[in-house]
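Below, each chain spelled out in residue letters.
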Amino acid sequence: MARVWLFGEDVDTDQIVPGRYAPYMTSEAELPKHAFIEARPEFAREVRPGDIIVAGANFGCGSSREYAPKALKLCGIGAIIAPSFARIFFRNALNLGIPLFEADLTSVLRDGQEVTLDMSRYVVVTEAGQEYLLKPPPAFVREIWEAGGTTAYFRRYGRLPGQSAG
Amino acid sequence: MGLTLSEQIISHAAGRKVRAGDLVVVPVDCAMGVDSITPSIIDVMRDELGVERVFDPDRIAIIIDHVAPAVNIATANAQAKVRRFAMEQGIRHFYDVGRGVCHQVMIEEGLAGPGQIVIGSDSHSTSYGAVGAFGCGMGATDIALAWATGHTWLRVPETICIRARGNFQAGVTAKDLTLWVEQTLGADGATYRAVEYHGVDMLSLASRQTLACMTTELGAKAGIIPPSGEVAERFPVPEWLRVDPDARYERVVEVDLGSLVPLVAVSPRVDDVRPAAELGHIRVDQVFIGTCTNGRLEDLQMAARILRGRRLAPGVRMLVVPASSRVLMDAMADGTLAVLLEAGATIGTPGCGPCIGRHMGVLGDGEVAFSTANRNFRGRMGSPHAEIYLGSPATAAASAVTGRITDPREFL
């Protein structure tokens, strides 16, 4: 089971990891401890691998800092579900291999609720058996997820995703 | 059917005609890294991609601006690593502490030009649209891939066209136009899209940089102003780059510049925008003039016009951080700096300054800043219990004089 962490709209990268807690300012090893350090101080303590973030529109807006999604990845976040994502956050998360789904589940799931994310069917299942279908990712995205991120993709295929071979 | 500027630029780079929605891999003309992200770019390139040498050292720029000079041992060590890397790789376009904010330096050094694709590890890389480039911000992995391969992947964006007519009244600037657009489109109003500004041919390069920079705060992938005026005189414009009258825009927003008034983005949302004249009850502790958005000579000159012969209100401090060493020298040469200093301002090292809350002007609990920067997120400039209001250099200077948010037209 995965715990739902519910957030509102326009969660910006300064909420995910404030600039003052950048690995550049502190150290890489500290990064997962700084996820939502001011916006949601219990998050880093209580999050478990596989938990999912369910948020409102424009998740990840603001800075290009890849350490924001990286902090969430190091915390073990299994997926983020929001009606829309800021574009640099979307690229960064995709590159790191964190599954993102565009859907609005903020009004149907509660903070702290236990659910299962079935990645074989792209569906969220609640304990009561209620199912919420997610949009299956396009092939381009699936290939990156399957490789484990863009750098792993590059190592495996020797080219960028979307670039014709040879 | 014609092409938008983004479609033209990406088509040219891809070597085939592409349209909004297409996914392409294209060569980049330049890929820029800043001090805060470059240590990660280096690690991703070497340790994760297994690539030792950059694809072309002349098409890479590295600029130390985010925490310049270093504020602690961690940043000093990180900057030393970046310097070593630039030296080992033979990167000529390496600009150390004090040269200025990356986006200003890139344009001053001619590293972004009309029709080019320029990507940067800073979100405000949309700034290169000021010279008619497709400028796009990305994270460490994307920049590392570009440094390794010379390429990046792009989804060709749809375009929202802002069509302006008329001209600004005195005391109203390009920054006020960007805030009006924020209010109109919202902070995610252009997510995944490009923005084009038409009808702004009379604007200086500096003002165009303000427009292009702020499209990032709409969520935009690029913000492009067709090269004309000062830009067409200073940069070579390729023949194929021009506004197609029958280009397809997702949305066209009309604006009469003469109807705009000085505007302010209210803490903590960049799209919560109100007239400065309605915010006179907000007192300010720290006024900051600078950044990639508004730290150029015309910005400092505008502030000096208001501050000449006046003093900062008691209890107000004012930090002025020129966007580059060239801006600093020009402002020194024409007397602008002297006016600001006589009024009680202090001058910081050219770079990002206090915009990101890491050094040089961090806010304490309950403090209120008026800033010419681009973001007012909670905690951005320091304490999460501080407030940040955003506006033009004119509004910033007027507010510094009265100690509360003030419409600059009272002083012009």
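Residues numbered from 1 in each chain as written. Chains lettered and ligands numbered in written order. Predicted model: local features only at pLDDT ≥ 70, side-chain atom pairs only at ≥ 80, totals over all residues. Heavy atoms only, no water.

Residues and elements named next belong to chain B. Its domain assignment divides chain B into domain 1 (5-255) and domain 2 (263-411). Taking the mean C-alpha position of each, domain 1 and domain 2 sit 24 Å from one another. Between domain 1 and domain 2, the residue contacts involve 38 residues of the former and 37 residues of the latter. The junction of domain 1 with domain 2 conceals about 3,100 Å² of combined surface from both sides, 57% of it contributed by carbon and sulfur atoms. Per-residue buried area on domain 1 facing domain 2 is highest for Val101, Lys175 and Leu179; these three make up 17% of the total on that side. (Domains from an automatic or database assignment. Contact = heavy atoms within 4.5 Å. Buried area = accessible area lost by both parts, 1.4 Å probe.)

Before going further, it helps to examine the interface of chain A and chain B. Counting residues at the interface gives 39 residues for chain A and 50 residues for chain B. With both sides pooled, the region where chain A packs onto chain B buries about 3,700 Å², and carbon together with sulfur makes up 57% of that total. Broken down residue by residue, the surface that chain A buries against chain B is led by A:Tyr24, A:Arg87 and A:Arg91, which jointly contribute 24%. Two residues, A:Asp10 and B:Arg269, come together in a salt bridge whose shortest N-O distance is 2.9 Å. Contributions of two or more residues to the side of chain A that touches chain B are made by α4 (87-96) and α6 (150-157) of chain A. Broken down by element, the side of chain A that touches chain B gets its largest block of residues, 7 residues, from α4(A). Here the side of chain A that touches chain B is built from residues that sort into 15 nonpolar, 13 polar and 11 charged. (Salt bridge = Lys/Arg side-chain N within 4 Å of Asp/Glu carboxyl O. Helix = DSSP H or I, 4+ residues; strand = E, 2+ residues; numbered from the N terminus. Nonpolar A, V, L, I, M, F, W, Y, C, P; charged D, E, K, R; others polar.)

Quick look at the side chain of B:Thr4 now. Assignment of secondary structure puts B:Thr4 in the segment before α1 (5-14). Those residues in contact with B:Thr4, other than ones at most four positions away along the chain, are B:Thr159, B:Glu196, B:Ala247, B:Arg248 and B:Tyr249.

Next up on the list: the packing of aromatic side chains. Taken as a whole and judged by the stated rule, the model has 12 aromatic pairs over all chains. Ring centres of A:Tyr153 and A:Tyr157 lie 4.6 Å apart, and the angle between their planes is 45 degrees; on these two criteria the pair is classed as tilted. With a gap of 4 residues between them, A:Tyr153 and A:Tyr157 both fall in helix α6, about one helical turn apart. One aromatic cluster is present, formed by A:Trp5, A:Phe7, A:Phe36 and A:Phe43 through successive ring pairs. Over the ring of A:Phe7 we find A:Arg40; its NZ or CZ atom is 5.2 Å from the centre of that ring. Between A:Arg91 and the ring centre of B:Trp153, over which it is positioned, the NZ or CZ distance is 3.9 Å. (Phe/Tyr/Trp six-rings, centres within 6.5 Å; stacked < 30°, edge-to-face > 60°. Lys NZ or Arg CZ within 6 Å of the ring centre and 35° of its normal.)

Another aspect to go through is the domain arrangement of chain A. Residue and element names in this part refer to chain A. One can read the domain layout of chain A as domain 1 (2-135) and domain 2 (136-166). A C-alpha centroid distance of 22 Å is found between domain 1 and domain 2. In this assembly, 12 residues from domain 1 lie in contact with 11 residues from domain 2. Where domain 1 abuts domain 2, roughly 810 Å² becomes buried across the two surfaces, and 68% of that area is made up of carbon and sulfur atoms. When the area that domain 1 buries against domain 2 is broken down by residue, the three leading residues are Leu94, Asn95 and Tyr122, summing to 55%. One can count 0 salt bridges joining domain 1 with domain 2. If you look at where domain 1 meets domain 2, you find 1 residue pair in polar contact (both at pLDDT 80 or more). For the side of domain 1 that touches domain 2, the secondary-structure elements that each account for two or more residues are α4 and β4 (100-102). At 3 residues, α4 tops the list of elements feeding residues into the side of domain 1 that touches domain 2. Of the residues contributing to the side of domain 1 that touches domain 2, the split by class is 9 nonpolar, 2 polar and 1 charged. (Polar contact = N/O pair within 3.5 Å; in protein donor to acceptor, adjacent residues only side chain to side chain.)

Quick look at the packing of helix α2 (residues 38-48) of chain B against helix α5 (residues 140-149) of chain B now. Residues and elements named next belong to chain B. One way to put it is that α2 packs onto α5 with a least axis distance of 8 Å and a crossing angle of 60 degrees. The pairing of α2 with α5 is recorded here as oblique in orientation. Every pair of crossing elements has a handedness; the one defined by α2 and α5 is right-handed. Contacts between α2 and α5 involve Thr38, Ser40, Ile41, Val44 and Met45 from the former and Ala140, Thr141, Ile143, Ala144, Trp147 and Ala148 from the latter. In terms of residue class, the contact of α2 with α5 is built from 8 nonpolar, 3 polar and no charged. (Axes fitted to C-alpha atoms, helices over the stretch in contact; angles between N-to-C directions. Parallel < 35°, antiparallel > 145°, perpendicular 65-115°, else oblique. Left-handed = near helix turned anticlockwise from the far one by under 90°.)

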